[in-house]
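In case you want the letters, here they are:
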Amino acid sequence: MKNIILFASGAGSNVQAILDYFEGKNIAKPVAIVCNKAGAGVLNIAEKHDIPVEMINKERFSSEDFINKINTYNPDLLILAGFLWKIPSALVEKYPGKIINIHPALLPKYGGKGMYGMNVHNTVIEQKEKESGITIHYVNEHYDEGNVIVQAHCTIAEDDTPEMLAQNIHKLEHFYFPRAIEFLLK
Ligand code: GAR
């Protein structure tokens, strides 16, 4: 059984999909959820599943204490599932090749600072793209720039709204993210 830590600050639908997928499978144990947003939906999920939560602010996130705390969970994989802060380089250095992120677009397009959640989908629709998708990639010190693990595409119809695109992207994420994690853990 491998230990996974989930970093999330949003509704947590990806966290939920990951928990559902690994339930009863003896592959991955979610040992902690790291969150920087009080009241985030993912906190209810953590409570329901009895998973310890590490709340962070910018100061704690970049502290040595935080890295030491993460080490105590003995994680095999650190998973950013709707997490928006840049990962401090000390953490990246401590866990090389063991931190992954999901991004709701086909990187290198529509990535970088400020490109998250609905911002991404609004921009993709504004630009009249014919397709979008998801990117699961390794994390380095730069936003959305680590090596790509997998991408999945979806087509965009002419009258699709950003909300419709967001829904399609979530479907791709919920399918591919747990499976990519399983692949990496095995
Ligand atoms: C997901 O679509 C994820 O790809 C995105 O935030 C959403 C979180 O949804 N992440 C980023 O934009 C990172 N740059 P969720 O809380 O329902 O899982």
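In case you missed it, the structure is sitting above this.
Residues numbered from 1 in each chain as written. Predicted model: local features only at pLDDT ≥ 70, side-chain atom pairs only at ≥ 80, totals over all residues. Heavy atoms only, no water.

(A) Representation of the layout of surface pockets in the model. Approximately 810 Å³ is the volume attributed to the largest pocket. Every residue lining the largest pocket is counted, 38 residues in all, and those nearest its centre are Gly 82, Phe 83, Leu 84, Tyr 116 and Gly 117. Secondary structure elements with two or more residues in the lining of the largest pocket: helix 1 (13-22), strand 5 (99-103), helix 6 (117-126) and helix 7 (162-185). Considering each element in turn, the lining of the largest pocket owes the most residues, 4 residues, to helix 7. (1 Å grid on protein atoms, 1.4 Å probe; cavity = no way out; pocket = protein on both sides within 12 Å on 5 of 7 lines; lining within 4 Å. Points joined across faces, edges and corners; volume = space filled by probe spheres on them. Helix = DSSP H or I, 4+ residues; strand = E, 2+ residues; numbered from the N terminus.)

(B) Quick peek at the packing of aromatic side chains. On inspection of all chains with the given rule, the structure shows 7 aromatic pairs. An aromatic cluster is present here, built from Phe 7, Phe 61, Phe 66, Phe 83 and Trp 85 joined pairwise through their rings. Above the face of the Tyr 21 ring, Lys 25 is positioned so that its terminal group lies 3.7 Å from the ring centre. Note that Arg 179 overlies the ring of Phe 175, its terminal NZ or CZ placed 3.9 Å from the centroid. (Phe/Tyr/Trp six-rings, centres within 6.5 Å; stacked < 30°, edge-to-face > 60°. Lys NZ or Arg CZ within 6 Å of the ring centre and 35° of its normal.)

(C) Spatial organisation of the environment of Ser 13. Within the fold, Ser 13 resides in helix 1. Along the sequence, Ser 13 and Gly 41 sit 28 residues apart, while their C-alpha atoms lie 8.6 Å from each other. Ignoring any residue separated from it by four or fewer positions in sequence, one finds Ser 13 in contact with His 170 and His 174. (Contact = heavy atoms within 4.5 Å.)

(D) Region of the structure containing the packing of helix 6 against helix 7. The geometry of helix 6 relative to helix 7 is characterised by a closest axis approach of 9 Å and an angle of 120° between their N-to-C directions. Looking at the two axes, helix 6 sits oblique to helix 7. The crossing of helix 6 and helix 7 is right-handed. Packed against helix 6, whose contacting residues are Met 118, His 121, Asn 122, Val 124 and Ile 125, the element helix 7 presents Pro 162, Glu 163, Leu 165, Ala 166 and Ile 169 at the interface. (Axes fitted to C-alpha atoms, helices over the stretch in contact; angles between N-to-C directions. Parallel < 35°, antiparallel > 145°, perpendicular 65-115°, else oblique. Left-handed = near helix turned anticlockwise from the far one by under 90°.)

(E) Quick peek at the pairing of strand 4 (residues 77-80). Residue alternation in strand 4 divides its side chains into two sets, Leu 77 and Ile 79 and Leu 78 and Leu 80, and both sets are buried. Where strand 1 (residues 2-7) lies against strand 4, 4 bridges are found, and the strand directions are parallel. Residue pairing in the sheet places Ile 5 in a bridge with Leu 78 of strand 4. Relative to strand 5, strand 4 runs parallel, the two sharing 3 bridges. Considered in strand 5, the bridge of Ile 79 is made with Ile 100. In this fold, strand 4 hands off to helix 5 (residues 89-94), which returns the chain to strand 5; that crossover is right-handed. (Buried < 20%, exposed > 50% of the residue type's maximum accessible area, 1.4 Å probe, protein only. Pairing = 2+ DSSP bridges. Right-handed = clockwise from strand over helix to strand, strands pointing away.)

(F) Looking closely at the environment of Ile 100. Tracing the sequence through the fold places Ile 100 in strand 5. When neighbours within four sequence positions are excluded, Ile 100 is seen to be in contact with Leu 77, Leu 78, Ile 79, Leu 80, Ile 136, His 137, Tyr 138, Val 139, Ile 149, Phe 177, Ile 181 and Leu 184.

(G) Structural context of helix 1. Within helix 1, 8 of the 10 residues are buried, which leaves the element mostly enclosed by the surrounding structure. The complete set of buried residues in helix 1 reads Asn 14, Val 15, Gln 16, Ala 17, Ile 18, Leu 19, Tyr 21 and Phe 22. Looking at the buried residues of helix 1, the elements they touch are strand 1, strand 2 (28-35), helix 2 (41-48), strand 4, strand 5 and helix 7. Phi turns positive, to about 75°, at Gly 24, one or two residues after helix 1.

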